[in-house]
Amino acid sequence: MTRYSLRLAIHYDFARPTGAGRQLFRVLPAPVPGLQQVRRAAISLDPATGDRGEFTDFFGTRVIEVAMPPGLTRLDLQMTAEVDRMADESLLDISAPLGQLAPELAAHRDVGCRSPHHFLGQSRRILQSARIAAFARDHIAPRMTVREVVDHLGKGLHRHMTFDPEATSVETTADEAFVQARGVCQDFAQIMVGGLRSLGVPAAYVAGYLRTDPPPGKPRLAGADAMHAWVRAWSGEEMGWVDYDPTNACFVFNDHIDVGFGRDYGDVAPVTGMLRLVGSQSGSHSVDIEALP
Amino acid sequence: MASVQTGGQAKGRDRGVSAYRPLPDVPDELIGPDGLLRPLWHQLISHLQGLSDEDLARATGRADQYLRDSGVFYRQYGSGQSVERPWPLSHIPVLMTEADWAGLSAALVQRADLLEAVMADVYGENRLVADGFLPPSLVAGNPEWLRPLVGVRPASGYFLHFVAFEIGRGPDGKWWVLADRTQAPSGAGYALENRVATSRAYTDVFAGQNVHRLAAFFRDFRDALLGLRTDRDGRVAILTPGPMNETYFEQAWIARYLGVSLVQGEDLTVENGHLMVRTVSGLRPLDVLWRRMDGSFADPLELDPASRIGTPGMVSALRQGGLTMVNCLGSGVLETRALMAFLPKLAQHLLNAPLAMPNIATWWCGSEAERARVMADPSGLVLAPAFSTGLPFDHAGESTLAASLAPAELARRLRDAGATLVAQEAVTLSTTPALIDGQIVPRPMSLRVFLARTASGWQVMQGGFARIGATPDPTALAMQRGGSAADVWIISKDEVPAVSMVAPSSGPYRRSAPGALPARAADNLFWLGRYVERSEGIVRMLRARHIRLAESGRAALPLQGKMDDLLASYGVDGSDGIPQGLLDTLGAAVTSAGQVRDRFSPDGWSALNDLDKSARRMADRVTAGDDAARALSALLRKLAGFSGLVHENMYRFFGWRFLSIGRQHERAMGMIGVLASLADAKAPPGALDLCIELGDSVLTHRRRFSVATSRETVIDLLALDPMNPRSVRHQIDGLTEQVQTLPGAATHGQLSDLARAMLRCQTEIATATPESLDTESLIALRGTVAELSDLLTEAYLR
């Protein structure tokens, strides 16, 4: 188990006062059975607004809902939390062989939030792509288990892609980023999700944080100064979900902290909003994660 | 073949009845299986046979005239643009006996209950998936299954309040369901319009035939909507996607008929969990929303982020239980074609009874057994997308005849994408009589039947909306091509009570306060007032110019140059007979009016459209000079006609106020502009007389001033005289009065910014003299008046 103290600060400047609007924030770590416990989490907004609520969305993510008053010129959000990660770091592969996944899925009669059925087929930002499907096919061999498929595809993608914060934006689709072979964690994750789905493996997009200070003797991981994204693949009834970080070509255990998961970035975007911006908007955010003794 | 007799009254013409033959193996409404005319039809058919060709043309003409007069149209999309089309009415109603209708109604009520139960489950516990009655991918992969709504319980206790079913008769003569309409069913308003039009054509037959009235259905549904409010002052509105929607006319029409407001997504906002309308009186809560917009568009924040017509926070308002939506968001999932494969078993499971009316036989190709069935005998099957919500005869190209595919190709499609496909029995429809070129001939039909949830349960409209095929081809796919709509008469053995929308009064009479005016509607009314007035100003100016051109035969007079400058300030090229700039201004008036059609009488709308169309027709042929002057006079009369209709008939409340404010504001601006240019000390000869002509004040001037026209008399009459309805002073006085009655004009004795600016402006003009109001002051005054528009917009129109 690893215990973290986590702090997120988001700052927006508006060149001209905004109109009224609604914003959703998905930045709070969520409890995940068997994987993550949230000891405490708090969020504050400055200026504070009267009309604020919280709900849990379909996929179990905590959502802060805020009605913004008109006339804002800046906005600051602060989130602090303390989280325990309890991932099982054993590497025992009890995942289903790829060919066995379809009958297991057919027998899986559930559409609750952790059901694999949500994560097949295409979603708004991860449309079917013949290119990504062909790439995925080239990186697997017959009779692989789902975990092996995840590993091979993830490593292959990591070799194919170059980490480049300038190449893409939050609106870039999986296919566009794949063609450029450049992007950030969001692009890596969305492409891998698309590849896995093309193989019939249910795959979710996970949003969260990555520890900033590496454990002693280990290199600092890319994307650590920001919010992070990775992939969650369904590996059959027995093994369930397996998390993989294609940006760093590794399985996910306790260096990552979950906020939520969904079909693609759109389901777990940290900020979703309708602020009517007359002028331009500039924002910055920072994440501090400290492993507690 | 038995002969067709019409009850011994075979006078007049045959109208093709003796040659009328049902298609082989296709049931027909007019001719029974025994080959005889069904008794139900005797009266109508003999009436038709009794009419001369001229009388028949007059009868059907009355129906068409009604539809034109009331502005019934539908919007058709194609080749990149959309156009309004006149409503294609089939002039023979579909007749049904009360007993047959009762049977059909009971079956559809059962189906509505079944769909309610399915909806409650897929947005609740999802037991149907867990227990194997629905495949999980049919729910989880369904684009109409809106995840944010899962777990949201409707405030009213029910998800569905208004549904429709598209039904047809199968080859055995029995009814079956072709499609379920649960998202935002359209057609009920058109059914009512078809009824009015058809009863105009056959007044006597209609009166003598005990036809069930439609009004009771609407009255009860309106009462049901009002009953869903959480308090007596709560509001009910219809949510429209806007004027570009194909059935916007119907939405505006129903809103007017039911007396509820029509709102667009941008009219609404969510405050502290409650849905609010932006009105000229501030935010007002809305309790009940009849949604005519597809669910995923309703909230860009939690549903489709690309939606530009939704309201951020709508889902949140539902989640917090302060809003009843008809139907609840997410109800589109019930329209899924593949669901039909499971409904027979679901009826047994959920209602403990078989489906009282079957739906089209459907096989979801996501399971092996179904795929094998389709492969074994693809003949007579149509292959379509499993998640399609289209009607069997909409969405051309979506469906393929399974047998038209090579077996290997069919097998490949089923193997690769079975879960996304359904196979359905190809639908063949029955026929009903239609009147084509004066002859009665069989045409295929399907019926849309409407159900509303009322205090006493589901109520079925005693009538419906019939689609009539354009050709005799009875396959459902052929219905895509053209076709028309017909009324449906449910005929009782007994006399039917007449019903009107006005409910019998129970309890003391109470005049209800008019609803608050949505800010967007106010904005459109304000601009409608401005554009119509601006059009009038332009027309007067153009007419004056063309009269002078006709008289002098020369365009280059100094006065012409002044007029051209004034016209150019409105974007109008004075040298054309009917310039494009004028057509654009009229077009803008029509667009503004189109946004608030629920607040207009059909007469007002027709008058405005007639004006617009006349101007466009004239533009093609009118030449400069005398010809143009006469055409412009005709337009001026039409403008006066529209203004008269509106100002005589509009209820004197906020809507009328904003329209009047727009008109007065524009008139003040126009007149100041004219005076600043033409009453200037350096204006060319004839300019002062032109002012008086443009101000439509020639007679008044002659009567009031026995002296020659001078700058002083002109300024006095057209700027300062409070009694002259064309003067600037008159507009400012009118505006001041209107502004004082707007909400929030004065709070605790404190004037609003607008009211204060208004008062300043009025004082300025009331204290001016012809001498002091020189060109420079006129230009300054124009700036002050222009500012009023900005203040008004700021205060009320956002």
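Residues numbered from 1 in each chain as written. Chains lettered and ligands numbered in written order. Predicted model: local features only at pLDDT ≥ 70, side-chain atom pairs only at ≥ 80, totals over all residues. Heavy atoms only, no water.

A. Layout of the pattern of salt bridges. Scanning the model with the defined rule gives 56 salt bridges over all chains in all. The partner of Arg74 of chain A in a salt bridge is Asp76 of chain A, and the shortest N-O contact between them spans 2.7 Å. Assessed through its relative accessible area of 22%, Asp76 of chain A is described here as partly exposed. In this structure, Glu116 of chain B engages Arg453 of chain B in a salt bridge whose closest nitrogen and oxygen atoms are separated by 3.1 Å. (Salt bridge = Lys/Arg side-chain N within 4 Å of Asp/Glu carboxyl O. Buried < 20%, exposed > 50% of the residue type's maximum accessible area, 1.4 Å probe, protein only.)

B. Expanded view of the pairing of strand E2 (residues 21–25) of chain A. All names here are of chain A. Extensive coverage of E2 is indicated by the burial of five of its five residues. Residue alternation in E2 divides its side chains into two sets, Gly21, Gln23 and Phe25 and Arg22 and Leu24, and both sets are buried. Note that E2 and strand E5 (residues 62–68) share five bridges and pair antiparallel. Looking across to E5, one finds that Gly21 is bridged to Met68. Bridge count for E2 against strand E14 (residues 271–273) is three bridges, and the pairing is antiparallel. Bridge pairing in E14 places Gln23 opposite Gly273. (Helix = DSSP H or I, 4+ residues; strand = E, 2+ residues; numbered from the N terminus. Pairing = 2+ DSSP bridges.)

C. Fine view of the packing of helix H3 (residues 98–122) of chain B against helix H11 (residues 343–351) of chain B. Residue and element names in this part refer to chain B. Relative orientation of the contacting elements H3 and H11 amounts to 85°, with a least axis distance of 10 Å. Judged on the interaxial angle alone, H11 and H3 are roughly perpendicular. Residues Gln110, Arg111, Leu114, Leu115, Ala117 and Val118 of H3 lie in contact with H11, whose contacting residues are Leu343, Leu346, Ala347, Leu350 and Leu351. (Axes fitted to C-alpha atoms, helices over the stretch in contact; angles between N-to-C directions. Parallel < 35°, antiparallel > 145°, perpendicular 65-115°, else oblique. Contact = heavy atoms within 4.5 Å.)

D. The environment of Leu435 of chain B, seen in detail. Residue and element names in this part refer to chain B. Along the chain, Leu435 falls in strand E17 (residues 431–436). C-alpha of Leu435 to C-alpha of Ala406: the two residues are 29 residues apart in sequence and 41 Å apart in space. The contacts of Leu435, once residues within four sequence positions are left out, are Leu56, Thr60, His91, Ile92, Tyr202 and Ile440.

E. Inspection of the sheet that holds strand E9 (residues 274–279) of chain B at higher detail. Residue and element names in this part refer to chain B. Taken in spatial order, the three strands line up as E8-E9-E10 in an open sheet, and their pairing is antiparallel. Pairing within the sheet leaves two strands with one partner each, and these edge strands are strand E8 (268–271) and strand E10 (282–285). Across this sheet, the average inter-strand angle for adjacent strands is 45°, counted without regard to direction. Looking at chain direction, E8 and E9 are connected through four bridges and run antiparallel. Paired with Leu268 across the bridge in E9 is Val277.

F. The arrangement of unusual backbone geometry in detail. Pro47 of chain A follows Asp46 of chain A through a cis peptide bond whose omega is 0°. Note on placement: Pro47 of chain A falls in the loop between strand E3 (36–46) and strand E4 (52–56). The step from Val326 of chain B to Asn327 of chain B runs through a cis peptide bond, and the omega angle for that step is -10°. Within the secondary structure, Asn327 of chain B is located in the loop between strand E12 (324–326) and H11. The phi angle at Asn272 of chain B is positive, at roughly 45°, despite the residue not being glycine.

G. Structural view of the interface of chain A and chain B. Across the boundary between the two partners, chain A contributes 19 residues, which contact 27 residues of chain B. The tally of links between chain A and chain B comes to one salt bridge. Linking Arg124 of chain A and Asp304 of chain B is a salt bridge whose minimum nitrogen-to-oxygen distance equals 3.7 Å. Summed over the shared surface of chain A and chain B, the number is four residue pairs in polar contact (both at pLDDT 80 or more). By residue class, the composition of the side of chain A that touches chain B is six nonpolar, five polar and eight charged. (Polar contact = N/O pair within 3.5 Å; in protein donor to acceptor, adjacent residues only side chain to side chain. Nonpolar A, V, L, I, M, F, W, Y, C, P; charged D, E, K, R; others polar.)

H. Representation of the packing of aromatic side chains in the model. Per the stated rule, a full pass over the model turns up 24 aromatic pairs over all chains. Judged by centre distance (5.5 Å) and plane angle (85°), the rings of Phe58 of chain A and Trp145 of chain B are edge-to-face. Placement of Phe58 of chain A in the loop between E4 and E5 and of Trp145 of chain B in the loop between helix H5 (136–140) and strand E4 (162–169) is noted, with the two residues assigned to different chains. Phe58 of chain A sits in the buried class, given a relative accessible area of 17%. Assessed through its relative accessible area of 2%, Trp145 of chain B is described here as buried. On the numbers, 5.5 Å between centres and 90° between planes, the contact of Phe218 of chain B with Tyr257 of chain B is edge-to-face. A residue pair is termed long-range when its members are at least 10 positions apart, and Phe218 of chain B in helix H8 (residues 215–227) and Tyr257 of chain B in helix H9 (residues 248–258) qualify at 39 residues. Residue Phe218 of chain B is classed as buried on the basis of its relative accessible area, which comes to 2%. In this structure an aromatic cluster arises from ring pairing among Phe162, Phe217, Phe218, Phe221, Trp253, Tyr257, Trp290 and Phe450 of chain B. (Phe/Tyr/Trp six-rings, centres within 6.5 Å; stacked < 30°, edge-to-face > 60°.)

I. A look at the side chain of Thr279 of chain B. Residue and element names in this part refer to chain B. By secondary structure assignment, the location of Thr279 is in strand E9. Within the structure, Thr279 has its side chain in polar contact with the backbone nitrogen of Ser281 (distance 2.9 Å). Of the polar contacts made by the side chain of Thr279, one reaches the backbone oxygen of Gly282; its length is 2.7 Å. Apart from residues no more than four positions distant in its own chain, Thr279 is found in contact with Arg284, Ala516, Leu517, Pro518 and Ala519.

J. Spotlight on helix H19 (residues 654–678) of chain B. Counted at 1.5 Å a residue, the expected span for H19 of chain B with its 25 residues is 36 Å, and the 36 Å between its end C-alpha atoms agrees. The buried count for H19 of chain B comes to 24 of 25 residues, which makes it a mostly enclosed element. (Expected span 1.5 Å × (residues − 1).)

K. Geometry of the nonpolar core. Judged by nonpolar contacts, the single largest core of 131 residues is most densely connected at Leu196 of chain A together with Leu134, Ile167, Leu289 and Met314 of chain B. Per element, the largest residue contribution to this core is 10 residues, and it comes from H3 of chain B. Setting aside residues up to four positions removed in sequence, Leu134 of chain B forms contacts with Val122, Leu128, Val129, Val139, Leu339, Phe342 and Leu346 of chain B. Counting residues in each nonpolar core, the second largest holds 91 residues, with Ala544, Ala668, Phe705 and Leu792 of chain B among its members. (Core = buried A, V, L, I, M, F, W, Y, C linked by side-chain atoms within 4.5 Å.)

L. Quick peek at H11 of chain B. Residue and element names in this part refer to chain B. Turning to H11, its buried residues are Leu343, Leu346 and Ala347. The buried residues of H11 occupy an angular sector of 105° when the element is viewed end-on, so they sit on one face. Looking at the buried positions of H11, the neighbouring elements they touch are H3, helix H4 (127–130) and strand E5 (175–181). Of the residues flanking the end of H11, it is Asn352, one or two places downstream, whose phi is positive at about 60°. (Arc of directions from axis to C-beta.)

M. How the structure looks around the environment of Val441 of chain B. All names here are of chain B. When you line up the elements, Val441 lands in strand E18 (residues 439–454). Residue classification places Val441 among the partly exposed residues on the basis of a relative accessible area of 22%. Considering only alpha carbons, one finds Val441 and Tyr20, 421 residues apart in sequence, at a separation of 6.0 Å.

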